[in-house]
There are 4 protein chains.
Amino acid sequence: MKACLFEAKEKFVISDIKKPVPQKDEVLIRVKAAGICGTDIHILKGEYFSDFPLVAGHEFSGEVVEVGEEVTQFQPGDRVTADPNIFCDKCYFCKINKNNHCLDSHVIGVTQNGAFAEYVAVSEKGVFHIPDHLSYSEAALAEPLACVVYGVRRSGIKPGEKVLIFGAGAIGLLLMSLLKISGASQVIMVDISQKKLDFAKKMGASEVILNNAEGEKKLKAIAPFGFELVADATGSPRVMERELQFVEPDGTFLVFGVAPIGDMMKVEPYDIFRRDIHIVGSYAVKKTMQYSINLLASGKIQVKNLISSTYSLEDFERGIQDFYHDPDHMKIQIIP
Amino acid sequence: MKACLFEAKEKFVISDIKKPVPQKDEVLIRVKAAGICGTDIHILKGEYFSDFPLVAGHEFSGEVVEVGEEVTQFQPGDRVTADPNIFCDKCYFCKINKNNHCLDSHVIGVTQNGAFAEYVAVSEKGVFHIPDHLSYSEAALAEPLACVVYGVRRSGIKPGEKVLIFGAGAIGLLLMSLLKISGASQVIMVDISQKKLDFAKKMGASEVILNNAEGEKKLKAIAPFGFELVADATGSPRVMERELQFVEPDGTFLVFGVAPIGDMMKVEPYDIFRRDIHIVGSYAVKKTMQYSINLLASGKIQVKNLISSTYSLEDFERGIQDFYHDPDHMKIQIIP
Amino acid sequence: MKACLFEAKEKFVISDIKKPVPQKDEVLIRVKAAGICGTDIHILKGEYFSDFPLVAGHEFSGEVVEVGEEVTQFQPGDRVTADPNIFCDKCYFCKINKNNHCLDSHVIGVTQNGAFAEYVAVSEKGVFHIPDHLSYSEAALAEPLACVVYGVRRSGIKPGEKVLIFGAGAIGLLLMSLLKISGASQVIMVDISQKKLDFAKKMGASEVILNNAEGEKKLKAIAPFGFELVADATGSPRVMERELQFVEPDGTFLVFGVAPIGDMMKVEPYDIFRRDIHIVGSYAVKKTMQYSINLLASGKIQVKNLISSTYSLEDFERGIQDFYHDPDHMKIQIIP
Amino acid sequence: MKACLFEAKEKFVISDIKKPVPQKDEVLIRVKAAGICGTDIHILKGEYFSDFPLVAGHEFSGEVVEVGEEVTQFQPGDRVTADPNIFCDKCYFCKINKNNHCLDSHVIGVTQNGAFAEYVAVSEKGVFHIPDHLSYSEAALAEPLACVVYGVRRSGIKPGEKVLIFGAGAIGLLLMSLLKISGASQVIMVDISQKKLDFAKKMGASEVILNNAEGEKKLKAIAPFGFELVADATGSPRVMERELQFVEPDGTFLVFGVAPIGDMMKVEPYDIFRRDIHIVGSYAVKKTMQYSINLLASGKIQVKNLISSTYSLEDFERGIQDFYHDPDHMKIQIIP
Ligand SMILES: NC(=O)c1ccc[n+]([C@@H]2O[C@H](COP(=O)([O-])OP(=O)(O)OC[C@H]3O[C@@H](n4cnc5c(N)ncnc54)[C@H](OP(=O)(O)O)[C@@H]3O)[C@@H](O)[C@H]2O)c1
Ligand SMILES: NC(=O)c1ccc[n+]([C@@H]2O[C@H](COP(=O)([O-])OP(=O)(O)OC[C@H]3O[C@@H](n4cnc5c(N)ncnc54)[C@H](OP(=O)(O)O)[C@@H]3O)[C@@H](O)[C@H]2O)c1
Ligand SMILES: NC(=O)c1ccc[n+]([C@@H]2O[C@H](COP(=O)([O-])OP(=O)(O)OC[C@H]3O[C@@H](n4cnc5c(N)ncnc54)[C@H](OP(=O)(O)O)[C@@H]3O)[C@@H](O)[C@H]2O)c1
Ligand SMILES: NC(=O)c1ccc[n+]([C@@H]2O[C@H](COP(=O)([O-])OP(=O)(O)OC[C@H]3O[C@@H](n4cnc5c(N)ncnc54)[C@H](OP(=O)(O)O)[C@@H]3O)[C@@H](O)[C@H]2O)c1
Ligand SMILES: [Zn+2]
Ligand SMILES: [Zn+2]
Ligand SMILES: [Zn+2]
Ligand SMILES: [Zn+2]
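Calculation notes
Residues numbered from 1 in each chain as written. Chains lettered and ligands numbered in written order. Predicted model: local features only at pLDDT ≥ 70, side-chain atom pairs only at ≥ 80, totals over all residues. Heavy atoms only, no water. Helix = DSSP H or I, 4+ residues; strand = E, 2+ residues; numbered from the N terminus. Rg over C-alpha atoms; globule rule 2.2 N^0.38 Å. Buried < 20%, exposed > 50% of the residue type's maximum accessible area, 1.4 Å probe, protein only. Contact = heavy atoms within 4.5 Å. Areas by Shrake-Rupley, 256 points an atom, 1.4 Å probe, with all protein chains shown as cover. Lys, Arg positive; Asp, Glu negative; His and termini not counted. Charge placed at Lys NZ, Arg CZ, Asp CG, Glu CD. Near = heavy atom within 4 Å. Polar contact = N/O pair within 3.5 Å; in protein donor to acceptor, adjacent residues only side chain to side chain. Donors = N, O, S within 2.8 Å, 3.2 Å for Na, K, Ca; no water. Tetrahedral: all angles 85-135°; square planar, octahedral: opposite > 155°, others 65-115°. Pairing = 2+ DSSP bridges. Axes fitted to C-alpha atoms, helices over the stretch in contact; angles between N-to-C directions. Buried area = accessible area lost by both parts, 1.4 Å probe. Salt bridge = Lys/Arg side-chain N within 4 Å of Asp/Glu carboxyl O. Least-squares fit on C-alpha atoms with pLDDT ≥ 70 in both. Right-handed = clockwise from strand over helix to strand, strands pointing away. Parallel < 35°, antiparallel > 145°, perpendicular 65-115°, else oblique. Left-handed = near helix turned anticlockwise from the far one by under 90°. Nonpolar A, V, L, I, M, F, W, Y, C, P; charged D, E, K, R; others polar.

Asks: How do you make sense of the overall build of chain A when you look at a structure like this?
Replies: Within chain A one finds eleven helices and 18 strands. Radius of gyration (C-alpha) of chain A: 20 Å, near the 20 Å computed for a compact globule of 336 residues. Seen through its principal axes, chain A has C-alpha atoms that stretch 60 × 45 × 40 Å. The 336 residues of chain A split such that 63% are buried. For chain A, the share of sequence-separated contacts (at least 6 apart) that also reach a separation of at least 24 residues comes to 69%. Carbon and sulfur atoms form 50% of the exposed surface of chain A, whose accessible area is close to 11,800 Å². On chain A, the mean spot of the 37 positive side-chain charges and the mean spot of the 44 negative ones are 4 Å from each other.

Below you can see the structure in the form of structure tokens.
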């Protein structure tokens, strides 16, 4: 089959490799859409723990073409998407209901071949049905949306609360889309690109604000005591340091953006105490895929507009170029 | 001032009574809109603990015209609405953060004169500012919406869950409106009136279903394992008994409808155990008024369509007639 | 190996059967202690969905003697206990983090041979290490305690709240033991047997009260507004109906006792609404085994006194007789 | 009456001042015991927002001797303690159920005269009955314990979890005492004073560990994946920075200690994300006094041993000296 093979640091090639044979608990999927994610880039740059050669790609959807002998929930022809994290279900964390901290997980597209290929094999444990009316392109966003569902659950948002999000990239927009329908009375987006803010506004932000001194003043005027929820989707510790001031007493700061390893931020413990602040991390997906699919299937979360470009497998290079050079790209998808 | 005075059981009169003089902690409000609620009818019928004569009316908005000497947060000209429950802040329940179970609360329109009059006096503790762009008619729905906010908080709804509501009256529709933007991937409404269901659909229900054997089959088909949240807004124990079967394991049944006192429903404790069911009551408002106002102010909850008729104080009788005889009435408002 | 084989309704025999051979993901355990539970009796009486012949027994501990080739966490010589519920990890419920509602679970001692035998084979997913200083007899209570841990988590108990438990059998006493160290300022036990109450008092109940009219008066005097948490461990719908009155507004009624299927209880929906009541079911174990073991290992929960008699496998009959005829039996254990 | 009057920075005098006259909503209390707290020292040093002259003292108990005309819950002879924070009940925060962030609170002993005197007047809203069998000295610890109850509520501790506390001063020991009976399977204390650790051990710590490199190794050995709850009771940002590493994934770091204003700590946002960390502040008391009293009254929390010395009002100076110079002092009380 055709696949995009990451062969070494910064080196990938479109080649013909052996089509995977599904293990007895696995489902073989004909990939129909696969998104490029920051993690794929980290892998390509050799900044991740993955080994070469690897077929990357962990946000995808497709059609089941073959199933292992022990598979009971799927059959050829089924339209599906997947949670790429296959947990061991027997380590310390899996047994205390903290699967996303599994000590021995297998991750499709990270520790084993993924979806930048014509076919991908996935343990049945990670596969999910999608309804007929949901396109494959939309369904390929179920995984990032499942991360966002996990984060919003952890945020503790309650009906009528005010939300502020920093970072209007694809993830910030997904956060906005979900928070808007998770009780928030308003969701304000902050970014440094006016173009991204214009897009955020079109996607439904209550208000958009450029991140500068002027912008901070506006935020103070809008919510003098702060916002019940402030979420970071920039991944920048420097930005996070400034975000904390906008949290209302007894409110939450959601660390959703992924900062560089080792990069520290300064927080004032007195302030955390005095204002009863919650700082909450949100790591990946913990059994929230089905809820993500529910939201896509019912049309409550609209992701079509988030797909900024699509390429064939042969044009993988162009997808990477968009990622690097188009500052306004959102989700870039490969249609193998 | 002009007021509608409930003089005795089933007897009210529009008369001229003394305009209230605000106590030192009170705000005097020129009433601009006041909704008729089932409780008002219970009072009128002598089925409630209120004493006659009484000016009823506890869902209202208006303009501040005078303030007591100790009032610090309001001044004449302010546009406001109110939480009619004025808590004692010193009983057992108030001191353990269960104010809505206050042992000595004063309720505007129930234990003291209310809003079916030109003026009403309210302790500053219960008064809330409303923004200029929110009409008085809409703001008069802040109190019932605050009940709904409290109920939705208690429901524990999480992003992507499926919701089923029985009863498409004004309250059922408010529940739907809020649950739709509180994480639900879909909100299905059930009623016995097709006309109400049509209205519910127009207001945004994902699906509407007539309550009969056929309807129950449809619900089973839509969600074979049930709904994470089933909410009652009918107040009928007979209906509630049937609603429980639609709760998904580990899901919640929200007892929002107010059943007749002493009317029992049968539940199967084995089933509650086996399916990990939560049955949760929701009583009135507990410090959720501000969140209700946030939702109205931002336009996230639209209540204009819920106001089915408005009358002047002189026409109070017609409001009551609508309540009794128009099966499709929603919120009826008095504009004194 | 020797085993107690349930051959048909009300018929069991101690016989020699084939020692189980561990599957590749299984651990073979030399059983050291196995408790008799109400479920075992239901199976024996043919009132359960199990098929005959069956080796029952699902509360146990023992020593690992052999492991399947894929087992990674255990080796011969390890001291262990087990969660008898082996989940499929691929059905609808497993994938939404509701494993205890798994649609295809295998239960040791219920759907496959269990621990009333010299050896039992268990999927590694269900096996847990126990520390050296914890006796096998104590460790065999980890499973029922894990149910109780799940129930207490669901109860929402907060520091300083008052607790009332109906039923001072083994489970009621475990609930008491855990609630006493889960924030409760006091835990009161109610039963109909004074002897059981005396034992409950010795085990640490704050107060014990006979269940009769006099007893109810005492409870009203102790907590005029009720208890934040009332838990049933009797399994009787008639008793449950009376328990609800003792719940404080905004408090919780925990349905922990298992009532007969189809036996209904009457509740007043008006009361649930008016007093903001939570009724919460608790079904078995959901990833709480490790916490149960933590509590046993640290000595925070003492179960030695709960073991009222121990018998060899040959004397299984005597264990059953104790269960039927000794009204004051607590946990009866088989030491195969 | 006799009182200890803080006249200016670092200057106090025992003098005769006018006995307070209770306002109509106030209760006049004959002080029986009043603890010295770090806040009193800050006030004395002029490091707090209080104005001189002031009678400090906000942790106290006593007997009601007189009540204002509107007081309904108390009468002379009643034994009481108090929550010194008297909330306005009408500001933004009070109306959204965040009273501890009240914008206009009055604090006994901080913004108005307190309990280092023979008499103190307190709004009925802040006064609580104590049972006869609870000594005044013990009851004077209800307020700090109520802070701890609030913190433990916020910590989200669940049955069977492991707890680690840094700082074995009076507050650390109260945290330990409550966490021990709030579900923890073990509570380990860390301090830099072996003497304090010995005391902590005697008070019931599961284990005590000196804070040094060796100690950190021990902690890693005890809980290789960390503790579900790590609580700071040192108030030192430098120490807090090291504490975070001991939090188990998806666990909580409770910022209970009060750090110096402006003193920053460094945290790694990547780590917060990757390990799903919760950092939670806990500010003072929010309607938890009654629960604190419940715990003292039932004997579940024992505070007698925490009172390291008691002095008469005349000997206030000696109390201060103990505070400054006895490194092992716990709670120092004035018995006016
Ligand atoms: N928690 C999880 O499970 C999870 C899952 C998926 C992704 N993530 C993380 O979520 C973050 C966002 O992902 P993404 O795909 O949306 O990335 P992205 O496209 O790079 O979006 C980040 C956005 O933040 C903006 N930004 C940069 N500096 C800013 C500032 N000072 N103020 C306001 N905005 C600023 C960027 O603007 P410019 O583009 O103009 O620089 C960009 O629009 C990443 O860190 C990603 O790793 C987390
Ligand atoms: N919890 C709280 O704090 C709170 C606050 C406010 C109100 N409430 C309660 O909420 C409930 C609803 O209030 P509302 O003003 O919306 O009352 P409503 O207008 O009477 O609405 C009840 C609706 O339920 C429908 N219904 C009756 N039987 C039904 C059945 N078998 N299946 C499905 N639907 C059925 C009714 O249909 P028909 O009209 O055709 O009969 C009606 O549309 C009331 O019980 C009210 O007291 C509670
Ligand atoms: N939720 C779960 O996951 C779970 C797990 C395990 C067990 N359970 C259930 O928990 C319940 C208790 O189990 P167990 O082993 O402790 O059973 P048990 O030994 O039969 O205990 C029940 C106790 O309730 C007492 N009782 C009966 N009627 C009463 C009344 N009117 N008032 C007060 N007490 C009364 C009984 O007294 P007498 O003995 O004198 O009649 C007995 O002491 C059972 O229903 C069991 O199935 C639930
Ligand atoms: N959140 C709230 O609402 C609230 C309420 C009351 C109090 N507090 C705060 O709680 C904190 C504790 O109060 P406290 O009265 O118990 O104070 P404390 O007596 O000063 O106790 C602090 C303890 O931490 C120890 N410590 C210092 N450095 C340490 C280190 N590196 N490692 C481990 N332990 C270390 C101290 O040891 P040495 O004495 O040997 O230095 C002392 O035993 C204070 O910051 C106080 O302001 C908070
Ligand atoms: Zn694992
Ligand atoms: Zn009250
Ligand atoms: Zn399953
Ligand atoms: Zn206030």
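Asks: Quick question: what am I supposed to make of the site of ligand 3 here?
Replies: Of all residues adjacent to ligand 3, which total 23 residues, the nearest are Asp191(C), Lys196(C), Asn211(C), Val258(C) and Ser282(C). With respect to ligand 3, the chains having nearby residues are chains B and C. Measuring from an oxygen atom of ligand 3, one finds a side-chain N or O atom of Lys196(C) at 2.8 Å. Across the complex, the protein chains shield 72% of the 920 Å² of accessible surface that ligand 3 would expose by itself. Listed by contribution, the elements that provide at least two residues to the shell around ligand 3 are helix H5 (170-180) and strand E11 (186-191) of chain C.

Asks: Any chance you could explain unusual backbone geometry here in plain terms?
Replies: Where the residue is not glycine, phi is negative for most of them; where a peptide bond is considered, it is trans in most cases. For the bond running from Phe52(A) to Pro53(A), omega is -10 degrees, close enough to zero to count as cis. A positive phi angle, close to 55 degrees, is found at Lys287(A), a residue other than glycine. Among the secondary structure elements, Lys287(A) is positioned in the loop between strand E16 (278-281) and helix H10 (289-297). Positive phi, close to 60 degrees, is recorded for Asp89(C), a residue that is not glycine. Residue placement: Asp89(C) occurs in the loop between strand E6 (85-86) and helix H2 (92-95). Of the residues examined, Asp89(C) reaches a relative accessible area of 8% and is grouped as buried.

Asks: Would you mind showing me how to read the side chain of Glu216(B) here?
Replies: Residues and elements named next belong to chain B. Positionally, Glu 216 belongs in helix H7 (residues 213-222). Residue Glu 216 is classed as buried on the basis of its relative accessible area, which comes to 14%. Discounting residues that sit within four places of it in the chain, Glu 216 has contacts with Asn 211, Arg 242, Gln 245 and Phe 246.

Asks: Quick question: what am I supposed to make of the site of ligand 1 here?
Replies: The environment of ligand 1 is made up of 23 residues, and the closest members are Asp191(A), Lys196(A), Asn211(A), Val258(A) and Ser282(A). Around ligand 1, the nearby residues trace back to chains A and D. In the environment of ligand 1, an oxygen atom lies 2.7 Å from a nitrogen or oxygen atom belonging to the side chain of Asp191(A). At a separation of 2.8 Å, a nitrogen atom of ligand 1 approaches a polar side-chain atom of Asn211(A). Contact with the protein chains covers 73% of the free accessible surface of ligand 1, which is 930 Å².

Asks: Would you explain the coordination of the zinc ion (ligand 6) in this entry?
Replies: Four donors placed tetrahedrally around a metal ideally meet at 109.5 degrees, and six donors placed octahedrally ideally meet at 90 or 180 degrees. Residues and elements named next belong to chain B. Surrounding the zinc ion (ligand 6) are the protein donor atoms Cys 88 (SG), Cys 91 (SG), Cys 94 (SG) and Cys 102 (SG), which sit 2.2 to 2.4 Å from the metal. Classification of the site at the zinc ion (ligand 6) as tetrahedral follows from its four donor atoms and the range of 103 to 119 degrees in their angles at the metal. Counting the intervening residues between successive donors of the zinc ion (ligand 6) yields the motif C-x2-C-x2-C-x7-C. Overall, Cys 88 belongs to the buried group, its relative accessible area being 15%. Residue Cys 91 is classed as buried on the basis of its relative accessible area, which comes to 3%.

Asks: I'm lost on the sheet that holds strand E13 (residues 227-232) of chain B in this one. Help?
Replies: Strands in a sheet are paired, the pairing made by backbone hydrogen bonds, and the direction either parallel or antiparallel. Strand order in this open sheet of twelve strands is E12(B)-E11(B)-E10(B)-E13(B)-E14(B)-E16(B)-E16(C)-E14(C)-E13(C)-E10(C)-E11(C)-E12(C), and the pairing throughout is mixed. Looking along the sheet, the strands with just one partner apiece sit at the ends: strand E12 (207-210) of chain B together with strand E12 (207-210) of chain C. The sheet shows a mean angle of 20 degrees between the axes of neighbouring strands, direction not considered. The sheet contact formed by strand E13 (residues 227-232) of chain C and strand E14 (residues 247-255) of chain C spans five bridges and is parallel. Looking at the pairing, Asp232(C) lines up with Val255(C) of E14(C). In this fold helix H5 (residues 170-180) of chain B packs onto strand E10 (162-166), strand E11 (186-191), E13 and strand E14 (247-255) of chain B, with an angle of close to 170 degrees to the strand it touches most, E11(B). Helix-sheet contacts for helix H6 (residues 194-203) of chain C involve E11 and E12 of chain C, and the interaxial angle to E12(C) is about 175 degrees.

Asks: Looking at this structure, how should I read the environment of Ala223(B)?
Replies: Looking at the element boundaries, Ala223(B) is found in the loop between H7 and E13. With 43 residues separating them in the primary sequence, Ala223(B) and Lys180(B) have C-alpha atoms 17 Å apart.

Asks: Which parts of the structure should I look at to understand the side chain of Ser182(D)?
Replies: Here Ser182(D) shows up in the loop between helix H5 (170-180) and strand E11 (186-191). Among the polar contacts made by the side chain of Ser182(D), one reaches the main-chain carbonyl oxygen of Leu178(D) at a distance of 2.7 Å. Contact partners of Ser182(D), with chain neighbours within four places excluded, come to Pro159(C), Ile181(C), Ser182(C), Gly183(C), Val152(D) and Ile157(D).

Asks: Could you clarify how one ought to interpret the interface of chain D and chain A in this entry?
Replies: Often, the extent of an interface is quoted as the loss of accessible area upon association of its parts. Every contact between the two is made by 46 residues of chain D and, on the other side, 47 residues of chain A. Buried surface at the junction of chain D and chain A, summed over both partners, amounts to about 4,000 Å²; 63% is from carbon and sulfur atoms. One can count six salt bridges joining chain D with chain A. For Asp276(A), the salt bridge goes to Arg154(D), with nearest N and O atoms at 3.7 Å. Taken together, the connections running from chain D to chain A amount to 29 residue pairs in polar contact (both at pLDDT 80 or more). Residue assignment for the side of chain D that touches chain A shows that the elements contributing at least two residues are helix H2 (92-95), helix H4 (142-155), helix H8 (237-243), strand E14 (247-255), strand E15 (265-267), helix H9 (269-274) and strand E16 (278-281) of chain D. At five residues, the largest contribution of residues to the side of chain D that touches chain A is made by H9(D). Bridging between E16(A) and E16(D) involves three bridges; their strand directions are antiparallel.

Asks: Hey, could you run me through the coordination of the zinc ion (ligand 8) in this one?
Replies: All names here are of chain D. The protein atoms that coordinate the zinc ion (ligand 8) are Cys 88 (SG), Cys 91 (SG), Cys 94 (SG) and Cys 102 (SG), at distances of 2.3 to 2.4 Å. Viewed at the metal, the four donor atoms of the zinc ion (ligand 8) are separated by angles of 104 to 119 degrees, and the geometry they form is tetrahedral. Every donor residue of the zinc ion (ligand 8) comes from the same chain, spaced as C-x2-C-x2-C-x7-C.

Asks: Would you take a moment to explain the relation of the copies chain B and chain D for this structure?
Replies: Both copies of the chain are related through a single rotation about an axis accompanied by a shift along the same axis. Of the transformation placing chain B onto chain D, the axial shift is 0.0 Å and the rotation is 180 degrees, giving an RMSD of 0.0 Å. Those values place the two copies in the arrangement expected of a two-fold rotation axis. Both copies present the same face, since 96% of the interface residues in chain B are matched by interface residues at the equivalent positions in chain D.

Asks: Looking at this structure, how should I read the pairing of strand E13 (residues 227-232) of chain D?
Replies: Side-chain direction in a regular strand flips from residue to residue, so the side chains alternate between the two faces of the sheet. Residue and element names in this part refer to chain D. For E13, the tally of buried residues reaches six of six residues, placing the bulk of the element in the interior. Bridge analysis of strand E10 (residues 162-166) against E13 gives four bridges, and the strand direction is parallel. Looking across to E13, one finds that Val 163 is bridged to Leu 229. Read from E13 through H8 to E14, the crossover connection turns out right-handed.

Asks: What's the story with the pattern of salt bridges in this structure? I'm lost.
Replies: Any two side chains of opposite charge can pair, on the condition that their charged atoms come close. Scanning the entire structure with this criterion turns up 72 salt bridges over all chains. Among the ionic pairs, Lys90(C) bridges to Glu124(A), the shortest N-O distance being 2.8 Å. One end of the pair, Lys90(C), is in the loop between E6 and H2; the other, Glu124(A), is in the loop between strand E8 (119-123) and strand E9 (127-129), on a second chain. Across the pair, Glu124(A) and Lys90(C) agree in class, each one buried. Overlapping salt bridges, with partners in common, bring together Lys98(A), Lys162(D), Glu228(D) and Glu248(D) in one network.

Asks: Please explain the relation of the copies chain D and chain A as it appears in this structure.
Replies: Superposing chain D onto chain A takes a rotation of 180 degrees combined with a translation of 0.0 Å along the rotation axis, leaving an RMSD of 0.0 Å. Of the interface residues in chain D, 100% have counterparts in chain A that sit at the interface too, so the contact is made through matching surfaces.

Asks: Help me out: how do you make sense of the packing of H4(D) against H5(D) in this one?
Replies: All names here are of chain D. Their axes nearest at 10 Å, the elements H4 and H5 cross at an angle of 55 degrees. Comparing their axes, H5 and H4 come out oblique. When you trace H4 past H5, the crossing you get is right-handed. Judged by residue contacts, Pro 144, Leu 145, Val 148, Val 149, Val 152 and Ser 155 of H4 engage Ile 171, Leu 174, Leu 175, Leu 178 and Leu 179 from H5. Looking at side-chain class alone, the contact of H4 with H5 contains ten nonpolar, one polar and no charged residues.

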